[in-house]
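The chain contents come next:
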Amino acid sequence: MGVNIRFLGGAGTVTGSKYLVEHEGQRLLVDCGLFQGYKQLRLRNRDPLPVVPAQIGAVVLTHAHIDHSGYLPLLVREGFKGKAWCTPGTRDLCRILLPDSGHLQEEEAAYANRKGFSKHQPALPLYNVEDARESLKHLHAVPPHEVFEPLRGWRVRLSGAGHILGAASVLVEVGGKRLLFSGDLGRPDDALMHAPDAPPEADVVVCESTYGDRSHPQEDLLAELGPALARLAARGGTAVVPVFAVGRAQALLHAIAQLKARGGLPAALPVYLDSPMAVHTTELYEHHLGEHRLSAAQCRDMERAAHLVTSVEQSKAIALQRGPKLILAASGMATGGRVLHHLSQHLGDHRNMVVLTGYQAPGTRGARLAQGTATLRIFGQDWPVRAEVVQLASASAHADAGQLMAWLRQLPRAPHRVFVTHGDMEAADALRLRIEHELGWRALVPEHNSTWMA
């Protein structure tokens with residue numbers, strides 16, 4: 001009996017990563033992510049999986065971002081009994097992200113019910129905080145490069161992927177096959193994270209393609225961010241910065257601390273980090289020294305770069321502060337969270353600015369802002385967009401097309417096949433073409449819910 005891979009997410013889209021590996025009646029799920037972005041994708045989160053969760057023996061997470069881990073509470077609630085293996089960094093981040101995800105969904109459902117703008121009566125969260133906390137009991141951390149057996153006869157090893165704290169690529173050895181899942185790969189020149197480890201030998205590679213059709217600019221984050229914020233400060237406006245609470249928020253804080261130290265920004269310019277999740281994540285970096293590029297002193301500078309906001313009352317008080325200021329708030333694509341309240345308050349003033357800090361998935365509010373929309377729908381109301389919108393090209397934590405190709409070229413030998421996933425169709429197909437033309441390898445973009453033999 002062969003080894004099969006079933007693509008339950010992350011196929012033809014940049015979200016919802018789930019790859020089911022099956023061999024002789026045993027099943028391992030690599031990544032367990034929520035779909036985000038377009039409504040038709042988000043609706044997949046409520047569709048039952050084509051496999052009964054109780055029949056999945058184990059989960060392995062590449063990293064903690066919600067589009068890779070956020071389905072775990074639902075999987076557990078629906079009957080999954082096994083362990084969810086991951087690095088210590090991913091475990092610690094999931095302890096922050098998953099309950100927060102449950103809380104946000106409860107909050108959004110309650111708000112929709114109060115305001116009456118949901119088509120469902122009543123609006124229900126996908127899962128709640130208690131579901132998320134229950135799923136944390138299934139997390140099992142293992143250090144990178146240590147071989148472990150999530151199922152009898154299956155050997156798995158995690159290796160560094162850069163990208164965010166704890167992120168890993170996953171090598172699965174089963175049935176005489178070696179399957180390598182890239183996870184989300186970071187940039188070799190990332191300001192916070194180390195470069196991804198060289199990939200091991202593999203028969204099949206499942207490779208992400210978020211930036212599979214583009215290259216990052218040569219300009220670094222400081223050179224791009226500094227002039228924009230200096231321009232904002234000069235006109236006395238407020239910058240609302242939607243940030244991913246894990247990775248992007250810390251990169252921005254590190255950059256702001258450097259800009260202030262160098263005189264590129266006024267030292268007195270108020271900066272607020274309005275995300276309990278981002279606050280707790282920032283504190284984690286000092287507990288994981290050696291897993292990233294920052295020293296203990298730089299971690300402390302990063303923490304001191306902003307007023308750390310945790311309570312709702314503190315968040316509301318920010319709007320009363322006069323004069324120029326920066327507000328960093330989750331979520332990074334403006335799909336939910338406190339950033340929506342800040343956007344609704346500040347979008348209408350031409351002195352203000354929205355700073356988009358990385359990839360914006362199609363169908364998200366962030367993508368609509370990047371495309372120059374005249375209005376933005378938030379909480380069932382259309383808000384005029386008069387604020388300046390700046391999209392940073394240098395803030396991404398993902399490897400670009402050339403860096404993805406460089407990572408693949410490090411494979412000790414050519415794999416039998418490369419599956420190109422976790423990218424919009426245009427980006428995924430562009431990377432597929434480069435793999436075929438430049439490397440001469442068999443590559444394809446799998447369809448959602450398709451099954452392939454390894």
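Note that this is a predicted model, so its numbers are computed, not measured. (Residues numbered from 1 in each chain as written. Predicted model: local features only at pLDDT ≥ 70, side-chain atom pairs only at ≥ 80, totals over all residues. Heavy atoms only, no water.)

## Looking at the layout of surface pockets
Picture a little ball the size of a water molecule; that probe, rolled over the atoms, points out where space is still empty. By volume, the second largest pocket is sized at about 390 Å³. Surrounding the second largest pocket, 25 residues form its lining, Asp189, Asp190, Ala191, Leu221 and Ser394 being those nearest its centre. Among the elements that take part in the lining of the second largest pocket, helix H7 (residues 248-262) stands out by supplying five residues, more than any other. Tallied by class, the residues present in the lining of the second largest pocket amount to twelve nonpolar, seven polar and six charged. (1 Å grid on protein atoms, 1.4 Å probe; cavity = no way out; pocket = protein on both sides within 12 Å on 5 of 7 lines; lining within 4 Å. Points joined across faces, edges and corners; volume = space filled by probe spheres on them. Helix = DSSP H or I, 4+ residues; strand = E, 2+ residues; numbered from the N terminus. Nonpolar A, V, L, I, M, F, W, Y, C, P; charged D, E, K, R; others polar.)

## Looking at the nonpolar core
Ranked by internal contacts, the top residues of the largest apolar core, which has 98 residues, are Leu75, Val205, Leu225, Leu326, Leu328, Leu408 and Ile435. Counting 28 residues, the second largest nonpolar core, distinct from the first, contains Val172, Val174, Phe181 and Ala454. (Core = buried A, V, L, I, M, F, W, Y, C linked by side-chain atoms within 4.5 Å. Buried < 20%, exposed > 50% of the residue type's maximum accessible area, 1.4 Å probe, protein only.)

## Overview of the sheet that holds strand E7 (residues 155-160)
Spatially, six strands are ordered E7-E8-E9-E10-E19-E20 in an open sheet, and the strand pairing comes out mixed. Taken across any chain shown, the strands that pair with only one partner, and hence form the sheet edges, are E7 and strand E20 (443-444). In terms of strand pairing, E7 meets strand E8 (residues 168-174) through six bridges, oriented antiparallel. Its bridge partner being in E8, Val156 is matched across the sheet by Val172. Relative to the sheet, helix H13 (residues 401-409) contacts E8, strand E9 (177-181) and strand E10 (204-208), its axis offset from that of E10 by approximately 160°. Contacts from helix H14 (residues 425-439) reach E10, strand E19 (417-421) and E20, with the element oriented near 160° to E19. (Pairing = 2+ DSSP bridges. Contact = heavy atoms within 4.5 Å. Axes fitted to C-alpha atoms, helices over the stretch in contact; angles between N-to-C directions.)

## Describing the packing of aromatic side chains
One pass over the structure, following the stated rule, counts five aromatic pairs. Ring centres of Tyr19 and Phe181 lie 5.8 Å apart, and the angle between their planes is 25°; this geometry places the pair in the stacked category. In this pair, Tyr19 sits in strand E2 (residues 18-23) while Phe181 sits in strand E9, placing the two residues 162 residues apart along the sequence. Every member of this aromatic cluster is reached through a ring pair, and the members are Phe7, Tyr19, Phe181, Phe419 and Trp452. Over the ring of Tyr71 we find Lys18, and its NZ or CZ is 4.7 Å from the ring centre. The ring centre of Tyr211 lies 4.9 Å from the NZ or CZ of Arg214, which sits over that ring. (Phe/Tyr/Trp six-rings, centres within 6.5 Å; stacked < 30°, edge-to-face > 60°. Lys NZ or Arg CZ within 6 Å of the ring centre and 35° of its normal.)

## What about the environment of Gln105?
Secondary-structure assignment places Gln105 in helix H4 (residues 88-115). Gln105 sits 134 residues away from Ala239 along the chain, and the two C-alpha atoms are 26 Å apart. Among all residues touching Gln105, those that are not within four sequence positions of it are Leu34, Pro125, Leu126 and Tyr127.

## Concerning empty space enclosed by the protein
By the definition in use, this model includes one cavity of 30 Å³ or more. Roughly 70 Å³ of internal volume is contained in the largest cavity. Forming the walls of the largest cavity are 15 residues, and the residues nearest its centre are Tyr19, Asp31, Ser182, Gly183 and Thr421. Ranked by the residues each element gives to the lining of the largest cavity, the list is headed by E10, at three residues. Each residue belonging to the lining of the largest cavity can be placed in one class, and the counts come to five nonpolar, seven polar and three charged.

## Thoughts on the state of the cysteines
Tallied over the entire structure, the rule returns zero disulfides. Not part of a disulfide, Cys86 finds its nearest cysteine sulfur in Cys94, a span of 5.9 Å. Given a relative accessible area of 0%, Cys86 falls into the buried group. (Disulfide = S-S within 2.5 Å.)

## Regarding the pattern of salt bridges
One pass over the full model with this rule turns up 23 salt bridges. Among the ionic pairs, Arg27 bridges to Glu22, the shortest N-O distance being 3.1 Å. Note that Asp131 and Arg77 form a salt bridge whose closest N and O atoms lie 3.1 Å from each other. Of the two residues, Asp131 sits in helix H5 (residues 129-136) while Arg77 sits in helix H3 (residues 72-77), which places them 54 residues apart along the sequence. Among the residues examined, Asp131 registers a relative accessible area of 15% and is labelled buried. The exposure class of Arg77 is partly exposed, given its relative accessible area of 42%. Salt bridges sharing partners connect three or more residues here, namely Arg77, Glu78 and Asp131. (Salt bridge = Lys/Arg side-chain N within 4 Å of Asp/Glu carboxyl O.)

## Topic: the environment of Ser311
The topology assignment puts Ser311 in the loop between strand E13 (307-309) and helix H10 (312-318). Taking the relative accessible area as the measure of exposure, Ser311 reaches 24% and is therefore partly exposed. Residues Ser311 and Gln40, 271 residues apart in the sequence, show an inter-C-alpha distance of 33 Å.

## Observations concerning the packing of H7 against helix H8 (residues 276-284)
In the contact formed by H7 and H8, the axes pass within 9 Å of each other and the chain directions differ by 70°. The angle between H7 and H8 falls in the class roughly perpendicular. Relative to H8, the crossing made by H7 is right-handed. Of H8, the residues touching H7 (which contributes Ala249, Gln250 and Leu253) are Ala278, Thr281 and Thr282. When its residues are assigned to classes, the contact of H7 with H8 shows three nonpolar, three polar and no charged. (Parallel < 35°, antiparallel > 145°, perpendicular 65-115°, else oblique. Left-handed = near helix turned anticlockwise from the far one by under 90°.)

## Some points on the pairing of strand E12 (residues 271-274)
Moving residue by residue along a regular strand, the side chains alternate between the two faces of the sheet. Going residue by residue along E12, you find Val271 and Leu273 tucked away on one face and Tyr272 and Asp274 tucked away on the opposite face as well. Of the strand pairs in this sheet, E12 and strand E14 (residues 325-329) are connected by four bridges, and their pairing is parallel. Residue pairing for E14: Leu273 is matched across the bridge by Leu328. Strand direction decides the pairing type here: E12 and E13, joined by three bridges, are parallel. Residue Tyr272 lies in a different strand from E13, and its bridge partner there is His307.

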